[in-house]
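Structural description and commentary
For reference, the chains in residue letters:
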Amino acid sequence: QGQLVESGGGLVQPGGSLRLSCAASGFTFSRYAMSWYRQAPGKERELVATVTEAGGTTTYVDSVKGRFTISRDNAKNTAYLQMNSLKPEDTAVYYCNANQGITSATQLPYGMQFWGKGTLVTVSS
């Protein structure tokens, strides 16, 4: 059974940085794209970033472009989200997702997929 475990969340001041990690186990990590989603209080879950299976292509939601970087290390079965220049509106629970593709209309994953339980990021002074 596949499992994803996020870490690295916490409280940070505006303008600060955090790096989230997502450790995978129980499935062939290199055969899945990896995505980060976030969900702020009272809002729907939002796709933040995706990296393809070999790490060659990355995509981002407009609101984080130039500030966040998604990456992966297939030798370590781990994905990362480096978050710089954090803003209060980045406050959310961040979820790691392993997927076989993202539906364009809904921005939700399809096919075999795995989710982590989330890690809270709070940006506040």
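Throughout what follows, the structure given in this document is the object of discussion. Residue positions within a chain follow its written sequence, with the count starting from 1. Local features are withheld for residues below a pLDDT of 70 in this predicted model, meaning they are given only at 70 or higher, and side-chain atom pairs are given and counted only at 80 or more; totals for whole chains, interfaces and linings count all residues. Values reported for side chains reflect all heavy atoms of the structure, with hydrogen atoms and water molecules removed beforehand.

So, on to the sheet that holds strand β3 (residues 18–25). Strand order in the open sheet formed by four strands is β1-β3-β8-β7, and the pairing between neighbours is antiparallel. Looking at which strands have only one partner, the edges of the open sheet turn out to be β1 (3–7) and β7 (68–73). Between one strand axis and the next, the sheet turns through 15° on average, direction left out of account. Two strands pair when backbone bridges link them, and β7 and strand β8 (residues 78–83) are joined in this way by six bridges, in the antiparallel orientation. Pairing of D73 across the sheet is with T78, part of β8. In short, DSSP must find at least two bridges between two strands for them to pair. Put simply, DSSP marks the helices as runs of H or I at least four residues long and the strands as runs of E at least two long, and each gets a number from the N terminus on. In this description, a line fitted to the C-alpha atoms serves as the axis of each element, helices being fitted only across the stretch in contact, and the angle between N-to-C directions of two axes falls anywhere from 0 to 180 degrees.

Nonpolar side chains in soluble globular proteins tend to end up buried together. What is meant by a nonpolar core is a set of buried Ala, Val, Leu, Ile, Met, Phe, Trp, Tyr and Cys residues, joined one to another through side-chain atoms within 4.5 Å. Burial status follows relative accessibility: with a 1.4 Å probe on protein chains alone, a residue under 20% of its type maximum counts as buried, one over 50% as exposed, and anything between as partly exposed. Within the largest apolar cluster, 29 residues are counted, with the highest numbers of intra-cluster contacts made by L4, M34, W36, L81, M83 and Y94. Looking at this core, the elements with two or more residues in it are β3, β4 (33–39), β5 (46–51), β7, β8, β9 (92–99) and β11 (119–123).

Let us now look at the pattern of salt bridges. By salt bridge we mean one thing: a side-chain nitrogen of Lys or Arg within 4 Å of a carboxyl oxygen of Asp or Glu. Taken as a whole and assessed by the stated rule, the structure comprises four salt bridges. Residues E46 and R38 are paired through a salt bridge, measuring 2.8 Å at the closest nitrogen-oxygen approach. Among the residues examined, E46 registers a relative accessible area of 29% and is labelled partly exposed.

So, about the state of the cysteines. Each disulfide consists of one covalent bond between the sulfur atoms belonging to two cysteines. When the sulfur atoms of two cysteines come within 2.5 Å, that pair is taken as a disulfide. Inspection of the entire model under this criterion finds one disulfide. Linked covalently through their sulfurs, C22 and C96 form a disulfide whose S-S length is 1.9 Å. The sign of the S-S torsion, about -80°, decides the handedness of the disulfide formed by C22 and C96: left-handed. Remark: C96 occurs in strand β9 and C22 occurs in strand β3; sequence separation between them is 74 residues. Grouping residues by exposure puts C22 and C96 together as buried.

The next point concerns the side chain of S21. Within the secondary structure, S21 is located in strand β3. Excluding residues within four positions of it along the chain, S21 makes contact with V5, E6, S7, W36, T78, A79 and Y80. Two residues qualify as a contact provided that any one of their heavy atoms is within 4.5 Å of a heavy atom in the partner residue.

The residue R72 is located in strand β7 in this model. Lys and Arg are tallied as positive, Asp and Glu as negative. Neither His nor the chain termini are counted. Look at R72: it is buried, it has no salt bridge, and the nearest opposite charge is E53 at 5.8 Å. Side-chain atoms alone can form a polar contact between residues adjacent in sequence; in general such a contact is a pair of N or O atoms within 3.5 Å, and within protein one must be able to donate a hydrogen while the other accepts it. Here the side chain of R72 touches F29 through a polar contact of 2.9 Å, landing on its backbone oxygen. For R72, the side chain forms a polar contact with the side chain of N74, separated by 2.8 Å. Aside from chain neighbours lying at most four places away, what touches R72 is F29, S30, Y32, A33, M34, V51, T52, E53, G55, T78, A79 and Y80.

Residue position: L108 is located in the loop between β9 and β10 (114–115). Here the alpha-carbon distance between L108 and Y37, two residues 71 residues apart in the chain, equals 9.4 Å. Among all residues touching L108, those that are not within four sequence positions of it are Y37, G101, I102 and T103.

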